[in-house]
Amino acid sequence: MKNFVVKTLANAGALGVAIWLLQDITLTGDSTGKKAWTLILVALVFGLVNFLVKPIVKLISLPLFILTLGLITLVINALMLLLTSWLADQLDLSFHVEGFWTAILGGLIISVVSWALNVVLPDGD
């Protein structure tokens, strides 16, 4: 359970950094508390997308992964971020990613920040 909470907080932090750095990734809300709650919910959706959908997409794209020496991972991360944006819209969460290239850059930022946070934060059950 502790590992789940740590990963969710790392995802929320990484999403927060991407929102802060890129103007085309938006999170809106009336108050700071509402924005923080929405960010946690979006992090949960993002974690669920990465847990359920990403392995299937990576398996299907294995030949492209080999052909591009792993660069297809940037595209897969962007697609996962766009899917999270679409699901957030369906769930009435005020999170939106505008455009594919923004998603590519956002996915790169989220990957780097999430990796750094997972190194720093404790993991263990």
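Below is a summary of the structure that appears in this document.

What counts and what doesn't
Residues numbered from 1 in each chain as written. Predicted model: local features only at pLDDT ≥ 70, side-chain atom pairs only at ≥ 80, totals over all residues. Heavy atoms only, no water. Helix = DSSP H or I, 4+ residues; strand = E, 2+ residues; numbered from the N terminus. Rg over C-alpha atoms; globule rule 2.2 N^0.38 Å. Buried < 20%, exposed > 50% of the residue type's maximum accessible area, 1.4 Å probe, protein only. Contact = heavy atoms within 4.5 Å. Lys, Arg positive; Asp, Glu negative; His and termini not counted. Charge placed at Lys NZ, Arg CZ, Asp CG, Glu CD. Phe/Tyr/Trp six-rings, centres within 6.5 Å; stacked < 30°, edge-to-face > 60°. Core = buried A, V, L, I, M, F, W, Y, C linked by side-chain atoms within 4.5 Å. Expected span 1.5 Å × (residues − 1). Axes fitted to C-alpha atoms, helices over the stretch in contact; angles between N-to-C directions. Parallel < 35°, antiparallel > 145°, perpendicular 65-115°, else oblique. Left-handed = near helix turned anticlockwise from the far one by under 90°. Nonpolar A, V, L, I, M, F, W, Y, C, P; charged D, E, K, R; others polar.

1. Focus: the overall build of the protein chain
The helix and strand inventory of the protein chain stands at 6 helices and 2 strands. Ordered by position from the N terminus, the helices and strands of the protein chain form the series α-β-α-α-α-α-β-α. Compactness check: the protein chain gives a C-alpha radius of gyration of 14 Å against a globular reference of 14 Å for 125 residues, within 12% of the reference. Its C-alpha atoms give the protein chain principal-axis dimensions of roughly 45 × 35 × 25 Å. Every one of the 125 residues in the protein chain was classed for burial, and the buried ones make up 35%. If you take every contact in the protein chain between residues at least 6 apart in sequence, the share linking residues at least 24 apart comes to 74%. Between the centroid of the 6 positive side chains of the protein chain and the centroid of its 7 negative side chains there is a distance of 9 Å.

2. Points about the packing of aromatic side chains
Describing an aromatic ring pair means giving the distance of the ring centres and the angle of the ring planes. Following the criterion strictly, the structure yields 1 aromatic pair and no others. Relative to tryptophan 101, the ring of phenylalanine 100 has its centre 5.4 Å away and its plane inclined at 75°; by these criteria the two rings are edge-to-face. Accessibility expressed as a relative area gives 67% for tryptophan 101, which makes it exposed.

3. Some remarks on the nonpolar core
Grouped together as the largest cluster of nonpolar side chains are 28 residues, with contacts concentrated most on Leu15, Ile25, Leu81, Phe95 and Ile110. Of all elements in the fold, only α1 (2–21), β1 (25–27), α2 (32–52), α5 (72–90), β2 (95–97) and α6 (100–120) reach the threshold of two or more residues within this core. Apart from residues no more than four positions distant in its own chain, leucine 81 is found in contact with Leu15, Ile25, Phe46, Phe95, Val97, Ala103, Gly106, Gly107 and Ile110.

4. Considerations on the environment of phenylalanine 46
Residue placement: phenylalanine 46 occurs in helix α2. With 42 residues separating them in the primary sequence, phenylalanine 46 and alanine 88 have C-alpha atoms 9.2 Å apart. The residues contacting phenylalanine 46, other than those within four sequence positions of it, are Asn11, Leu15, Met80, Leu81, Thr84 and Ile110.

5. Description of α6
With 21 residues, α6 should reach 30 Å at 1.5 Å per residue; the first-to-last C-alpha distance of 30 Å fits that figure. When we look at burial in α6, the residues that qualify are Thr102, Ala103, Ile104, Gly106, Gly107, Ile109, Ile110, Val113 and Ser114. Contacts from the buried residues of α6 go to α1, β1, α2, α5 and β2.

6. Thoughts on the packing of α2 against α5
Where α2 contacts α5, the two axes come as close as 9 Å, and the packing angle between them is 130°. If you check the angle between α2 and α5, you find them oblique. Note on packing geometry: the crossing formed by α2 with α5 is right-handed. Across the interface between the two elements, Val42, Val45, Phe46, Val49 and Asn50 of α2 pack against Met80, Leu81, Leu83, Thr84, Leu87 and Ala88 of α5. Each residue belonging to the contact of α2 with α5 can be placed in one class, and the counts come to 9 nonpolar, 2 polar and no charged.

Shape is all these values report; function is a separate question.
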